[in-house]
Every structure is written in C-alpha cells, then in structure tokens.
Amino acid sequence: MLPTGRSILRDAVSGQRRLLARAAFLGSVHQGGEALVPVIVGLVIDQAVSTGSVGALLRWIVVLAVVFGALSMSYRFAARAAERASEQAAHGLRMRLAQRVLDPRGGAEAGRLPGALVNIATGDAKRVGVVNTVLPFAVAGFVGLLVSAVSLLRISVPLGLLVLLGTPPLLWLTHLVGKPLERRSSVEQERAAHASGVAADLVSGLRVLKGIGAEAAAVARYRRTSQDSLAATLRAARAHAGHDGAILALTGIFIAVVALVGAHLAANGSITVGELVAAVGLAQFLLGPFQIFAWVNGQLAQGRASAERVASVLAAPPAVTSGSGAPSGNCPGRLSLRGVTHGSLDSLDLDVEPGELLGVVAPDPAAASHLLDCLGREADPAAGTVELDGVAYTELDPHELRGAVLVAAHDADLFDGSLLDNVVTAGRDVDRALTASAADEVARTLPEGVHTLVAERGRSLSGGQRQRVALARALAADPPVLVVHDPTTAVDAVTEARIAGELREIRQGRTTVLVTTSPALLAVTDRVVVLDGGAVGAQGTHAELVHANPGYRSAVLS
Amino acid sequence: MSDRELLPTATGRRTAAAVGELLRPRRLLAFSAFGVLTAATGVGLLTAPLLGHIVDLVDEGSTDFTVPVVLLVVVALARGAGNAWGLALVSRLGESMLASLRERFIERALSQPLERVELAGSGDLTSRVTNDVAVIAKSVREALPELGRSALTIVLTLGGLALLDWRFLLAALLAAPIQLYTVRWYVRRAIPLYAHQRVRDGAQQQQLLDTVGGARTVRAFRLTDEHVERVRGRSQTVVDVTMRAVRLMTRFFSRLNLAEFVGLSAILVAGFVLVGNGTATIGTATAAALYFHSLFNPINAALALVDDAQSAAASLARLVGVADLPTEREPEQAGVPVDASVKAAAVSHAYVTGHDVLRDVDLDIAPEERVALVGASGAGKTTLAKLIAGIHRPTSGSLALGGVALDDLGHAGTRRTVALISQEVHVFAGTLAEDLRLAKPDATDEELRAALAKVGALPWVDALPDGLSTMVGEGAHRLTVTQSQQLALVRLVLADPPIAILDEATAEAGSAGAKVLEKAAAKALEGRTGLVVAHRLTQAAAADRIVVLDAGKVVETGTHDDLVAANGRYAALWAAWSDQRTR
Ligand SMILES: Nc1ncnc2c1ncn2[C@@H]1O[C@H](COP(=O)(O)OP(=O)(O)OP(=O)(O)O)[C@@H](O)[C@H]1O
Ligand SMILES: [Mg+2]
C-alpha cells in the first residue's frame, strides 16, 4: 500500500506508542497536579486564612509541597519520553526517505532538487516527529481539564456541569478557527522549501557563478525568492495571530460565565467564598489546557502538511518495474536488446556476446545517455526488451541485476572519504584496478597518496584525476558486465592510450561495453556498433569502419 | 565532518549587535508592536481584579454581578483582538528581520573565495541557509510573540501585586533568586550544547546531500546499505545530542517548579499573617494568590524562551558569522585595463602548504591572441586558469590583466575583465532565461536569442517544450552535457568580458558533442583574448601558440609546428593523439 500523509502520521505515532503512553500518563499526572494547585489555594483561604489556624496552614503547605514535587517530576519524565518519541519518529522517517531515494527502482528524485529532498528529510521529518511531542500534552491537557471539572463538581454540581458541557463546543470552535491555518501553513512551508532549494542550488553552482562573475545576479535572484517566501509567511503569521486572539477571547468569555454562575451560587450560600476562589482559579487554570489545545492544533496542522510532503516522496512511483529474480551465479554476461524504444532510441536491436569488448558510438549524445538509462535500469524502455543471459530485465530485481551489470555513468560522483575508500567500495583487486585506470599515477602526485581525502564530490582532484578514480572504482567492482560511458574525456592522449591498453587487459574474458567516441578506446574493442537514428547503423571493427565508413571517420577521428 | 574547517560563527556579543542593526531601521514597527501588545496585556490584567471584585460583592451580600461580568467579557474580547493585532505586528517585525539576514547571508556566502567554501564543504553553507534559517524562523514565529506577551504580563502583574499591597510583592519576589540562579545555571550548560548540536546537524546535512545528490551512483555501485548506514550514523548522533539537550531542559524546568512553590507558599503565608493582623482583607489575599498563580504560565513561558533563545542564538551566530565575513577587498583606486593582455610572472601555487602544484610559471598573452594550454592530466592547467581568472590567489608571484595587477583591478574589475568557463557544468534550477540572465541580468529576450544563435544553440532551445521559459536544472528538464556546456558559452557571450578562459569547456561532451562545442567556443571567443585548456589537440593545433605544462612547470612554448618539430612533450602528446586518428 502506498503511504499517504495520513498513514505517515499514523505510523509515526503508533511506532512510538509505548513512549507516548508513558508521556501521556506522566503528563496527565503533571496536569492533574497543576489543576490541584488552585483547589489547595482555595482550601488554604477557607481553612487557614479565614480561621487563623496555624496548624491548618502548615498542613496545607506540606500538601502543596508534595503536589509540586509530584507535578515537577512527572513533567520532567513526560517531556523526556515525548521528545524521545518525536526524535525517534523523525529519525525513522529520515531513514525511510534515505532508503526510498536510494531504492534500486529509483524514481524518488524525479522532479525534486537534492536540496529540497534533503529539506524534506530534515525539516519535514522533524515536523512530523513533533506531533509526538504534542500529543501526550493534548492528553494531559484533557486530564487537567477533567481534574478541574471533577473538583468543580465537588464544589458544586451546576458549576461542574457548566464546565463539562461548555468545553466541547469551545474545543470545536477552536478547531474551526484553526482550520484555515493548515492551508496557509502548507503554502508557507512550500515557499520556504523552495527558497532553501534555490539557495542550495546557487551554492552548488558557486564555481560557475564565480567563473562569469554572476554572484550579484544570483544574490538578486535569491532575494526575490526570499521576499516571496516572506510574503507567504506573513500571510500565515497573520492567520496564526488571529487564531491565537480568537482563542484568548473565547476562553476569557468562558471564565466570565463561570464567574457569573459561581458568584450567584456563592451569593445564595450554596458554596463558600473559598470555593468561589477555587472555582475562579480553576477557570483561570483552564486557560492552560486550552492554550495547549491551540498549540497542539497548530503543530498538528504543520505536521499534516509535512507528512504529505514526506508521503509524496515515499509514494513516488518507481522509475522501473522490478522482478524478483537474480542473475545466475556464474553469469556469462550476454546482453541482448530487442526493439528497444526509449527517448532517442528507436527499435534498437543489439547483442553483446559474453566476454566481448564492444564499442558503441553514438553521434547523438542523447542516444548514449538513453541507452545507458536502459542498461542501468534508470528507466524502462517505452517498448522492447533488454535481456541478460536470456532473462528479461523486468524479471530481475534491479539491485541484483546491478551486481551483474554495472553501468558507470559519465558524471558518476565520488563520495566523501579518501581516494582508496572510493575505489574499495565493492572492490576485489583494487591495486590492479588502480593501475589499469592510471589512477596509481594520480595517487603518486597527491600529498598522502591513496589515503588523501578527496573533498566533496572529489573536487580537490583535477578533472582527469577524478575521472580516473571513478574508472578505477568501476574496474575494481569487476562485474560480469561493465558498461562505461566516456571514461577518458578529461584525460590527456598519452594517458588515454595507456588506459585503453590496460582496459582490454583487465576486462579479458568479461563482457564490456564502451560507449564512447574516443578512437584510442575504440581501437582496442573487438567490435564497434554505430547508433544512427536510434538504431544500429553500421558495425565492424574499428579499423574496418575507419577504412570504409566516412560517417564514422567524421564522428570519431576529428 | 568535524575534521573540516567550518565557516566562522559569530560571538554572542556580535550576534546581539547584529540583531540591533537589523532592528534599527524597523524601530517604528517595533514600537507599535510593543505598544499594541502592552495595551492588550494590560487589558487582560483587569481579569483578576474584576474577579476579586466579584468576590468582594459576594462578601458584601450583593447579587448584581452584571457590571463586572459584562466587563469581563469586554476585557476578553479586547484582549483577544489586541493580541491578534500585536502578534501580527511582531511576526512582521521578526520575519522581515530574518529575511534581511538570510539575504545578506547569501550575499556574503556567494562572495567568499571558493577555497574557503570548499574547505568547509558546501553542506556547511547549505545547512546554515536551510536548517539554521528554519530554527530562527520558528523562534521568530512562536517564541518572539510569546516572549513579548509573557514579559509584559509578568511586569504588569507584579505591578498589580504591588498596588494590592507591597508586602505581597515582597513575598512573590522570594521566588526570583531561585529563578535567576536557575537561568544562569542553565545558560552556561546550554550554549555549548546547542552549538555542538548545530555542528552535528551540519554533518547530517552534508551526508544527506552527498547521498541524495549521488543517488544514481549509489544505486549503480550497490552502495545503498553503506550509504543508508552513513545517514543512520549521522542522524542517530543528531538524535543523541538532541536528547542530551532535552534532559538539560527538563532539569531546568524542574528547578523552576521549586521557585513557583516557594513564591506561592510565601504569598499564602503573607496572606495568613496580614489577614490575621487585620491589615488586608480576604478579597485582597485572594486576588494576590490568583495573581501569582496566573503568573505561572507566563513565567514558565518566558523562561522556556531562554531555551528557544539558546537554540536560536546558536543558529543566529552561524548566520551572522557568515554574514559578517569581509567581502573581497576592493582597491581604493581600481585600475582600468589598457588592453586585453594577460601576464603571469613567477607564479607558484599550493593548495596544501608545502605541496606546490604550480612552480614559477611565466606566461604572456597578447590581446586577442589565442593560446592553448596543454599537458598531462594533473599538470596544473586548471589551477593556472583559476589563478588568472582571480578565483584563487597565487601563493607567490604576480598576475596582471591588461597591464593592471589583479589586486589593483579589484574583485569587480576582475570579473568584468575575465571569465572562466570550466568543464564543470551546472544548470541553475529555474527557467532557461533566468539561468542565462545570471550573466546579464538586464538582457532582453532578443539579446538572449542572439547570444544563443551565436553559439548555435538557438535551434534546440526553440525546440524545447516552452522555449526560453522551459524549466531546466536539477529536477526539471534535463539538458545534455553538450547543451549545458553550450549554455555556459552563451553566458560567456552575454557577460562579454575582453578575456575568456575555457577550461576543457568542450571535453565533457565526447567527440561528437566536442565538435559542436569547438565551433561554438570559437564563435564565443571571437574578439576576445582566449586561453584554452584542451586535451583535444585539434583545438591546440588551431591556436596561435601552445604552452605545455608539466608537473606545475612550463616546459615548452611555441606554435604547433615548432613544437612538433622540437620532439618534446608536445610532440609525444601529438603523436599519441594523431596516432589514434590516422589509422
Ligand atoms: N581544490 C584542490 N585542493 C587540493 N588540491 C587540488 C585542488 N585542485 C587541484 N588540486 C591538485 O592540484 C594538481 C593540479 O590540478 P589541476 O586541476 O590544475 O590539473 P589539470 O592540469 O587541470 O588536470 P586535468 O587535465 O586532469 O584537468 C592536482 O594534483 C590536483 O590533485
Ligand atoms: Mg583541469
């Protein structure tokens, strides 16, 4: 079943129910204690202040001390349990989001900036978690309300009934007032998320901005977004303020009514002055729970809006359909594409024999990336099938498939860590891979060799160094089928020639597809196919094609 | 990444001063917000005496409560309305201050030297502009109005208590030392804890960006489990640190309860004594107790804000820290380049101290000359390009553009004089036109189209679903590498500097795209001095002069034919290059 905002919220709460139960119980003790305070004040006035009994005064002060001790401790542990529940729920959502984004079937990043996704995993997950902080307090507020109602009933039945019957309509009214908040706060959060997405985007394009001196223009652009977000926030804030004001007014009127009835009862002698004091004190105390309800309402509104956003990521349709099969253990590595139509590919038929080193030349770069998408299961072709050793891709679990077919994209990212950390990932023979990709040379020029930390995304390496490390990583994984896209565009001709030779060597006997237009690499392949208009246009060895095909010559040799 | 050199954080004093600076231009708004809230709170305080009056009426045996009850209702309505208005004003104050701050933050952040940002990791910047902004926004939205309201209630209530009988005020004040002590106790512990929490938040952000941004690679290499674990580790640390802060916070509140108990008992005992010796009525004692009891919520709220304030202050310090960074220094009298020449003399550079990647490089480029910079990968070509473009400062040696040293040219002058297009492509999220206007904000659509046409990008732009208004960038229409790089060249044409450096601006597209880009680059370079870093040696062969860099040193320079004849490094590169292409 696909997650919805509602189910996200429900799971976040039910997943922490033990902590929540504890928090609600202790929180109720706390609120009960708070409700007893005015009652005790009334008793002190009745039994000590108006009689002058020192014994009674001392006795009630001791009782007050006990009540304070209890309410203080219970609050302490209630709050801890509630916060823990909130943090754990947020953590859980963060993990679910991370898992969804990394899901082998993909699809979660579609249409979202990484910055916005990160914002959902931090800010929104947190706001959903906060629902767990507020719920126990809602329960506790209710209990506080109950305790004061019972105390009131004991003082006088009509007064107690008044509070008991008056509260639900009041609650309903506050809910009604809170309703429009949800819409406003959702718009506001969206704008805020957009603004921080824009900020993150500008920060990640900082190098490009600096290159053309566009910092000022970028700042102006952010300023506009920020002002937009400000306008939305102010609208929401006005709604909030109105909501708070309305609740204050409602509770004030409620207290007036309680005072009116209580005063009449006191005047005709059915309650004492002390009890009137207690009743008024209780009515005043009621402000507390009501404010709690208002707060809870506001937080729930935000939590719901955030849960919707979390759900929209979790429920994003996968980019590819997943089977449950796994490629056979000693996978020979035969790829066959039948009538594949996807983007600029048009009924492409292509066979890659086990152990073959195939070069694919795509004069149209879009065709190359679409082919890679299909081979790496980033997307399912609109028509046609891709098979590995006679098994259709769609019958295989994409995660398992990628263990057999590794598609090393051209713009593959390096991760935080040392050069070696990056290559070791799934690596078997790391040293050999480093040599084959000429990344050993890279390590030699770095201050701390293979243990040098690469900055974010490998940015402390030169372009060609980064590319060689990425290639080393792909080679070290040593998959039965390796698809590499333009692995040497940033490498000098001498190094490229060396890599070409090594590549053939290290991939000996295993299927390799080189999607490239580099003649150095194509020269070492067993066979080259040229994509033309989305299908195979010409094929042969590199030498044959160079000799016989002018189109090929112009695509590759210039 | 605790081992990264994070961006600076402002001191407490500087943060407070920065808030003052933001407040100053909004004085009027601040005063009216404060005034309205004071009035509303003052009205609200009439509730207790009105209730006391009702008690006194009962005591006197009267049965007509209409007047005080109607007044209670009026008070409730006025208080509600006043609060709503005041709160709206306070939000406007806080939110507009926050908006100014975050805008200044971005302005300063973008003008920082690249090295500084890279040292810290972009997660540090992004977490500040996302998380920290959110924390402050929350405080502004929730805590600030609450603080205003509570502080006013407390002050006004204590005043009311004094009016009843100064001895009640004295009794109530018994609670104050405990509260003051508690706050001090708390603040001492909370400040470092919250600062630590922010650093952890930043690390989590960094990891999420790393993982989410590289999701495709993670999937391809089946690193999902490892990355999920990395995220889990960071996230769990955040949970742990947060729980430490929560424990501290709950201890803080427990201590505040003690203060409540002491104050309330003191007032009750005072009432007992004063009523006993006849200096106060029961009504007064009642009102005093009610007053003090009604203070519980606002006092707790106000002191709880100490907690919010700590958290917000930690975030604020991180924003102010960056917002206060000096902008790059501008010379008093900015020099004006006399021509479009480039001169580098004895330039050396090291990213890591002691590890020179450029050594004593001399390079002269005449106006409108086209020079190709070639050499093995890692030789230092990009580094030299960045130094000339003024993006990094050389460790030693001097650089001049148009006869003016970079330092005298200043930041703005350098940007106008030279542009660097690198192999790194970034398409900014938004419409295509918005992306291009980053280079020339006031460009008309016609100018954009002309620039696109010049580099041959117009046909495909016109073929996009919405033409110039197509949403591009991450998460929207994905452009091919060739297209993205063409856009970079269009930006160059729009920015129109006399000197342009292309750092493998054609490399990423593969040879098919490279040819398109080479043509586009030649067009974009027309009329400019050009330094072209190229592995594709056809581009080098077409240049007026070739400079060969090896291991950070200029080893050869001359025309293609000279260098091929000289049989050195370039000849070796050329042989490897042409060997693959002449079989
Ligand atoms: N930000 C950085 N921090 C530390 N070292 C760096 C940084 N950028 C580059 N280097 C190092 O400086 C040296 C020169 O790098 P540079 O990028 O200038 O090479 P290049 O000649 O452009 O190579 P390529 O042809 O591969 O792009 C390399 O050894 C590289 O690792
Ligand atoms: Mg480079």
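This structure is a prediction, so every number in the text was calculated from the model and none was measured.

## A closer look at the UniProt feature "transmembrane region" (unreviewed entry) in chain B
Residues and elements named next belong to chain B. UniProt tags residues 28-55, 67-90, 147-164, 170-187 and 252-275 as "transmembrane region" (unreviewed entry). With 93% helix and 0% strand, residues 28-55 has its two end C-alpha atoms placed 42 Å apart. Secondary structure content for residues 147-164 is 100% helix and 0% strand, while the C-alpha to C-alpha distance between its ends is 26 Å.

## Points about the domain arrangement of chain B
You can read the domains of chain B as domain 1 (1-164 + 313-326), domain 2 (166-279) and domain 3 (342-578). Taking only C-alpha atoms, the centre of domain 2 of chain B and the centre of domain 3 of chain B are 52 Å apart.

## Focus: the interface of chain B and chain A
Each partner contributes to the interface: chain B provides 157 residues, whereas chain A provides 160 residues. Our enumeration of links across chain B and chain A arrives at 7 salt bridges. A salt bridge links Asp373(A) to Arg216(B); its shortest N-O distance comes to 2.8 Å. Here chain B and chain A share 31 residue pairs in polar contact (both at pLDDT 80 or more) between them. Per-element tally for the side of chain B that touches chain A: the top contributor is helix H10 (residues 224-276) of chain B, with 28 residues. Grouping the amino acids of the side of chain B that touches chain A by side-chain chemistry returns 68 nonpolar, 51 polar and 38 charged.

## Digging into helix H15 (residues 445-454) of chain B
Residues and elements named next belong to chain B. Three or more residues of H15 are buried, namely Leu 448, Ala 451 and Leu 452. When H15 is viewed along its axis, its buried side chains cluster within an angular range of 100° and face the same direction. Buried residues along H15 sit in contact with helix H14 (432-437), helix H16 (458-463) and helix H17 (481-495). Phi for Gly 456, located one or two positions after H15, is positive at around 75°.

## Digging into the domain arrangement of chain A
Bring the parts together and some accessible area is lost; that lost area is often taken as the interface size. Each domain of chain A was delimited in the assignment, giving domain 1 (5-156 + 271-314) and domain 2 (335-557). Placing a centre on the C-alpha atoms of domain 1 of chain A and another on those of domain 2 of chain A gives a separation of 57 Å.

## Notes on the nonpolar core
Core analysis: the largest hydrophobic core is formed by 180 residues, its most contacted members being Val37(A), Tyr186(B), Phe252(B) and Leu264(B). Once residues lying within four places of it in the same chain are set aside, the contact partners of Phe252(B) are Thr182(B), Val183(B), Trp185(B), Tyr186(B), Leu303(B) and Val306(B). In this structure, Leu110(B), Ala379(B), Leu438(B) and Val547(B) belong to the second largest nonpolar core, which totals 117 residues.

Calculation criteria
Residues numbered from 1 in each chain as written. Chains lettered and ligands numbered in written order. Predicted model: local features only at pLDDT ≥ 70, side-chain atom pairs only at ≥ 80, totals over all residues. Heavy atoms only, no water. UniProt positions renumbered as here; feature names shortened; annotations may be inferred. Helix = DSSP H or I, 4+ residues; strand = E, 2+ residues; numbered from the N terminus. Domains from an automatic or database assignment. Contact = heavy atoms within 4.5 Å. Salt bridge = Lys/Arg side-chain N within 4 Å of Asp/Glu carboxyl O. Polar contact = N/O pair within 3.5 Å; in protein donor to acceptor, adjacent residues only side chain to side chain. Nonpolar A, V, L, I, M, F, W, Y, C, P; charged D, E, K, R; others polar. Buried < 20%, exposed > 50% of the residue type's maximum accessible area, 1.4 Å probe, protein only. Arc of directions from axis to C-beta. Core = buried A, V, L, I, M, F, W, Y, C linked by side-chain atoms within 4.5 Å.

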